[in-house]
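# Descriptive analysis of the structure
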Amino acid sequence: MSEAKPFCISKNEVWEAYQRVKANKGAAGVDDESIEDFERNGKDNLYKVWNRMSSGSYLPPPVRTVKIPKKNGGERKLGIPTVADRIAQQVAKARLEPELEPLFHADSYGYRPGKSALDAVGQARERCWRNDWVLDLDIKGFFDNLDQDLLMRAVRKHAKDRWVVLYIERWLKAPVQEEDGRLVPREKGTPQGGVISPLLANLFLHYALDRWLAANYPQVPFERYADDVIAHCRTEKQAQEMKKAIAERLQSCGLELHGSGRQGCKSRKVKDLLPSIA
């Protein structure tokens, strides 16, 4: 490298991250700077990202909140980082993802290289022929409520680069700018809409759910796509027992199933589910 810095981040890593962010497009953050605006002084802007990240002085700006409607009613809050911050997050994601991918469960499908929702549906259909009951899990406000301390324990365990740990902690703590302009501190969760958030979500649920299920209930296969989970059971009794066990496990990790009864964790016969996964 041409300049001595505390953290070894190459300019090429920043350039490749920029290319990924540009390809994904996306809205402007709190600075109202679009990708086209960023590109007008692109060389200098990319140098600033590299210089600040490699020197340890990078501080993420607030995340802009946008509300979008849910299919089943209500609204979901998305957090939109600035273009520069999306690039910085992509740099960290590119470093951390290769360390985490080999750890993740084969039946975790969301936001992973080479996996898709169609893969999850295909696996679910196959398992439905061998198991008469399914649990359809809905975690309440997962991205907004995950425990940051537990997440950072996992990040420190697996991240080889000190700067990755440093910046992930800063991203988690970056305030949120509401639509009325108010800045709100964040003490839990990770913004749904951030570049690195899906990877962090998978890491959290790897320990909170995937590994726990595989170790304690290897006879219960499942598919997980981000925070949507289907678990396969042979009998209604087993489904009800798993419903209780999973709810208790998630509660011990600071999460809860959405609502109660049929809303939070539906146990139903496969014949009732098949039309939705056909």
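In this report, the structure presented in the accompanying data block is examined. (Residues numbered from 1 in each chain as written. Predicted model: local features only at pLDDT ≥ 70, side-chain atom pairs only at ≥ 80, totals over all residues. Heavy atoms only, no water.)

It is worth spelling out the sheet that holds strand 4 (residues 176-177) at this point. Ordered in space as 2-1-4-5, the four strands form an open sheet in which the pairing is mixed. The open sheet is flanked by strand 2 (75-80) and strand 5 (183-184), the only strands paired with a single partner. The sheet contact formed by strand 1 (residues 63-69) and strand 4 spans two bridges and is parallel. If you follow Val63 over to strand 4, its bridge partner there is Val176. (Pairing = 2+ DSSP bridges. Helix = DSSP H or I, 4+ residues; strand = E, 2+ residues; numbered from the N terminus.)

Turning our attention to the environment of Val195. Relative to the elements of secondary structure, Val195 occurs in the loop between strand 5 and helix 9 (197-216). What makes Val195 buried here is its relative accessible area of 18%. Setting aside its immediate chain neighbours within four residues, Val195 contacts Arg86, Gln89, Gln90 and Lys93. (Buried < 20%, exposed > 50% of the residue type's maximum accessible area, 1.4 Å probe, protein only. Contact = heavy atoms within 4.5 Å.)

This next bit is on the side chain of Lys93. When you line up the elements, Lys93 lands in helix 4 (residues 83-100). Although buried, Lys93 forms no salt bridge, and the nearest oppositely charged side chain, Glu97, lies 4.2 Å from it. Excluding residues that lie within four positions of it along the chain, Lys93 makes contacts with Pro98, Val195, Ile196 and Leu199. (Lys, Arg positive; Asp, Glu negative; His and termini not counted. Salt bridge = Lys/Arg side-chain N within 4 Å of Asp/Glu carboxyl O.)

Looking now at helix 7 (residues 148-158). The set of residues buried in helix 7 consists of Gln148, Leu151, Met152, Ala154, Val155 and His158. All buried residues of helix 7 lie within an arc of 160° about the axis, which places them on one face of the element. For helix 7, the exposed residues lying more than 90 degrees away from the buried face are Asp149, Arg153 and Lys157. In this fold, the buried residues of helix 7 make contact with helix 4, helix 8 (162-173) and helix 9. The N-terminus of helix 7 is capped by Asp147, whose side-chain oxygen sits 2.9 Å from the backbone nitrogen of Asp149. (Arc of directions from axis to C-beta. Polar contact = N/O pair within 3.5 Å; in protein donor to acceptor, adjacent residues only side chain to side chain.)

Residue position: Arg182 is located in the loop between strand 4 and strand 5. Sequence separation between Arg182 and Lys5 is 177 residues; the distance between their C-alpha atoms is 36 Å. Beyond its immediate chain neighbours, meaning those up to four positions away, Arg182 contacts Val176 and Gln177.

A separate point is the packing of helix 1 (residues 11-24) against helix 3 (residues 42-55). At a minimum axis separation of 10 Å, helix 1 and helix 3 run at an interaxial angle of 125°. With respect to their mutual orientation, helix 1 and helix 3 come out oblique. For the element pair helix 1 and helix 3, the recorded crossing hand is right-handed. Listed contacts from helix 3 to Lys11, Val14, Trp15 and Tyr18 of helix 1 are Leu46, Tyr47, Val49 and Trp50. Considered class by class, the residues forming the contact of helix 1 with helix 3 number seven nonpolar, no polar and one charged. (Axes fitted to C-alpha atoms, helices over the stretch in contact; angles between N-to-C directions. Parallel < 35°, antiparallel > 145°, perpendicular 65-115°, else oblique. Left-handed = near helix turned anticlockwise from the far one by under 90°. Nonpolar A, V, L, I, M, F, W, Y, C, P; charged D, E, K, R; others polar.)

With that settled, consider the pairing of strand 2. Sheet topology places strand 1 next to strand 2; six bridges connect them, and they run antiparallel. Note on strand 2: the bridge partner recorded for Thr65 is Gly79.

Attention shifts here to the packing of aromatic side chains. If you walk through the whole model with that rule in mind, you get 10 aromatic pairs. With centroids separated by 6.3 Å and ring planes inclined at 55°, the aromatic side chains of Trp163 and Tyr167 adopt a geometry described as tilted. Of this pair, Trp163 and Tyr167 both sit in helix 8, four residues apart, which is roughly one turn of the helix. Pair check on accessibility: Trp163 and Tyr167 agree, each one buried. Here the aromatic cluster, defined as three or more aromatic residues joined through ring pairs, consists of Tyr58, Trp163, Tyr167 and Trp171. Against the face of Trp50 rests Lys11, its NZ or CZ located 4.7 Å from the ring centre. (Phe/Tyr/Trp six-rings, centres within 6.5 Å; stacked < 30°, edge-to-face > 60°. Lys NZ or Arg CZ within 6 Å of the ring centre and 35° of its normal.)

Taken as a whole and assessed by the stated rule, the structure comprises zero disulfides. No disulfide involves Cys128; its sulfur sits 11 Å from the nearest other cysteine sulfur, which is in Cys233. (Disulfide = S-S within 2.5 Å.)

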